[in-house]
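So the chains spell out like this:
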Amino acid sequence: MSTSSPKWSRKSARRASGARNAALAAVAAAFVAACSGGGGDAGIGLPPGQGPINWGAVQTLATSANTATAPAATIDGNGLVSVLWSQIGMPLPGGGTSTVPLVGAADSSSGTTFGAAQAIEQSGSFSAGDQISDLMARAGTSNTAVWQRRLALNNNMQIGSAAREAVAWGTENIASRSVGTMVEGLTYAVNGAGTRVAVWTEMDVTAGGTRRVQLSARTGTTGWAPQVAISGATEDASEPAVAVDANGLAMIVWRQGQNGIIKSVSFDTASSSPLGIERQVFTLQTGEGRSPRVLALGPNDFLVTWEQTAAGTVDLRATAGTTAGWINPPASVDIGTGVVDQSRLVTGPGATALAVWRQSNAIHFARYTAGSGIWSVARQVNSGQTGTSREPRVAVDGSGNAIFVWLQAPAGGGLDDLFYATFTASNSAISGAFQLDTETTGAVASPSLSVAANGAAVVAWLQSVGGQNNPNVVARFFRP
């Protein structure tokens, strides 16, 4: 461990001794106190008794959407709710519909009804065979999005971006890569000042090169900067993740090599020498790591989680640190047996974070508080559900209250439905599980969740319907 903060040394020593896991009862008793700083039940509007949220009606944004991508939902600080997706047949601003797949959006600036969907891209040199993937949305100073497009005409790759401006969406290209270049794992982060940092992996297939992490950043009104290779060239990199703090300092983590070593590097968007030192996050890592996640707890203060093979199973590990280094050894976040997968990590208020994951067909979560350096005891979200659960999502409001959503198959198998549960910060209570979708003839897929600081929430998903060749794009949202 190399860091300038003495509290990390104390926590590291305690974790190294295994005292945390030996004192789960004490940590559980402290959990309520740790969560109470969230500020109570305000925001999401959690009623007494942890009953269901008063969601609005299911709204169909696109019907039988041809080649529809997974939707991306987001809410900005002004309350603008946006859901983005791509499809052939996207309504065009001037009338008519597209004959090629285009990214579009449906927005709601007030009330609980979405406006009409419209394409936010121009057709350009696109064709019906293009493939759009990795569409995701984030809220900074406004709602933003990124995506990847593989052009059918020449097999070139494009990485696009968009931001909701005064009254409409504007788009910009982040990068264009020629035929023979494999682009994977696109993701990005945005801070409250609007600084955006996109990362992905890239390999020249024709030259037999190494897959490396690439980065491009956008600050102010100057557009996206030229991409920079930020990982070493000796082993393939994969599964990148990125966070950016309030000052524009980004931390990038990724999985490297066949052994899945978790690596990191910082990138200061405000510096003339932005690239930091590449580090191994877990200095004594022996088992294979996968699915790294990272977020900013504060200025130059980051938290990383990843899934780690150990003793024949897969655990969820976590560590915190700065540009100077990471706490070692890392904490074990999950408890019990069973393989961990599908993990996610989100920021909460007051330098807190929530991790959610699937383990033994159940959804679990734990809360991290930077002030104490302690993870709460892992708890099950979907208590009482007996079928297979998967694809968990979580988002947190400004009071620390959280919403979880996940896909739930009935006991014995069957079509996936969409369920949600709530967590109340003031008393650490978890609600029962409630169903969000209302369609009875088709399965749910690809949920996307966003919660604003004031508790407004939106969920979007793909909904199969009996008798249709393509799914609908649907959403529900709540305003406090």
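The written sequence of each chain sets the order in which its residues are numbered from 1. In keeping with the model being predicted, local features are shown solely for residues with a pLDDT of at least 70 and side-chain atom pairs are shown and tallied solely at 80 or more, while totals for entire chains, interfaces and linings include all residues. Hydrogens and waters are ignored; side-chain quantities use all the structure's heavy atoms.

1. Some points on the sheet that holds strand β17 (residues 279–280)
Line of reasoning, step 1. Note: two strands are recorded as paired if DSSP finds a minimum of 2 bridges between them. Runs of E in the DSSP output that reach at least two residues are strands. Runs of H or I that reach at least four are helices, and both are numbered from the N terminus. Strand order in the open sheet formed by four strands is β14-β15-β16-β17, with antiparallel pairing between adjacent strands. Only two strands of the sheet have a single partner each, and these edge strands are β14 (237–244) and β17.
Line of reasoning, step 2. Of the strand pairs in this sheet, strand β15 (residues 249–256) and strand β16 (residues 261–268) are connected by eight bridges, and their pairing is antiparallel. Across the sheet, residue Met251 finds its bridge partner in β16, namely Ser266.

2. Looking at the pairing of strand β23 (residues 340–348)
Taken residue by residue, a regular strand's side chains alternate between the two faces of the sheet.
Line of reasoning, step 1. Examined bridge by bridge, β23 and strand β24 (residues 352–359) share seven bridges and lie antiparallel to one another. Its bridge partner being in β24, Gly348 is matched across the sheet by Thr352.
Line of reasoning, step 2. The loop that links β23 with its antiparallel partner β24 comprises three residues; one of these, Gly350, has a positive phi angle of about 65°.

3. Focus on the nonpolar core
Line of reasoning, step 1. Each nonpolar core is a collection of buried residues, namely Ala, Val, Leu, Ile, Met, Phe, Trp, Tyr and Cys, held together in the definition by side-chain atoms within 4.5 Å. To sort residues, take the accessible area from a 1.4 Å probe on protein chains only and compare it with the maximum for the residue type: under 20% means buried, over 50% means exposed, and anything in between is partly exposed. Grouped together as the largest cluster of nonpolar side chains are 25 residues, with contacts concentrated most on Leu61, Val83, Trp85, Phe114, Val458 and Val473.
Line of reasoning, step 2. Within the second largest apolar cluster, 20 residues are counted, among which are Leu303, Ala318, Ile327 and Ala355.

4. Here we look at the sheet that holds strand β35 (residues 472–478)
Line of reasoning, step 1. Here four strands make up an open sheet; going across it, the order is β1-β35-β34-β33 and the pairing antiparallel. Edge positions in the sheet fall to β1 (59–62) and β33 (444–451), since each has one partner strand and no second. Within this sheet the neighbouring strands show an average axis-to-axis angle of 25°, counted without direction. Fitted lines through C-alpha atoms serve as axes, helices being fitted only where they are in contact, and the angles separating the N-to-C directions of these axes extend from 0 to 180 degrees.

5. Quick word on the confidence of the model for the protein chain
Line of reasoning, step 1. The pLDDT value expresses, per residue, how confident the predictor is, ranging between 0 and 100. Overall, the predicted model of the protein chain reaches an average pLDDT of 88, with 89% of residues at or above 70.
Line of reasoning, step 2. In this description, contact between two residues means that some pair of their heavy atoms is separated by no more than 4.5 Å. Every residue in residues 1–40 is under pLDDT 50, and counting partners more than four places away or in other chains gives 74 contacts.

6. Some details on the pairing of strand β20 (residues 313–322)
Line of reasoning, step 1. Across the 10 residues that make up β20, a large majority, nine, are buried.
Line of reasoning, step 2. In this structure, strand β19 (residues 301–310) lies alongside β20, joined through nine bridges in antiparallel fashion. Bridge assignment links Ala310 to a residue of β20, and that residue is Thr313.
Line of reasoning, step 3. The turn linking β19 back onto β20 is made up of two residues, and Ala311 within it adopts a positive phi angle of 55°.
Line of reasoning, step 4. Pairing analysis gives two bridges linking β20 to strand β22 (residues 331–332), with the strands arranged antiparallel. The partner of Ala318 across the bridge, within β22, is Ala331.
Line of reasoning, step 5. Taken together, the two bridges between β20 and strand β21 (residues 325–326) define a ladder with antiparallel strand orientation. Across the sheet, the residue bridging to Gly321 is Trp326, located in β21.

7. Thoughts on the packing of aromatic side chains
Line of reasoning, step 1. What counts as a ring pair is set by centres within 6.5 Å for rings of Phe, Tyr and Trp (its six-membered ring), and what kind of pair is set by the plane angle: stacked under 30 degrees, edge-to-face over 60, tilted for all other angles. Going through the model one piece at a time under the given rule, you end up with eight aromatic pairs.
Line of reasoning, step 2. Between Phe114 and Phe477, the ring centres sit 5.0 Å apart and the planes meet at 75°, which makes this aromatic pair edge-to-face. Placement of Phe114 in the loop between β4 (102–108) and β5 (118–119) and of Phe477 in strand β35 is noted, with a sequence separation of 363 residues between them.
Line of reasoning, step 3. Overall, the relative accessible area of 9% leaves Phe114 in the buried class.

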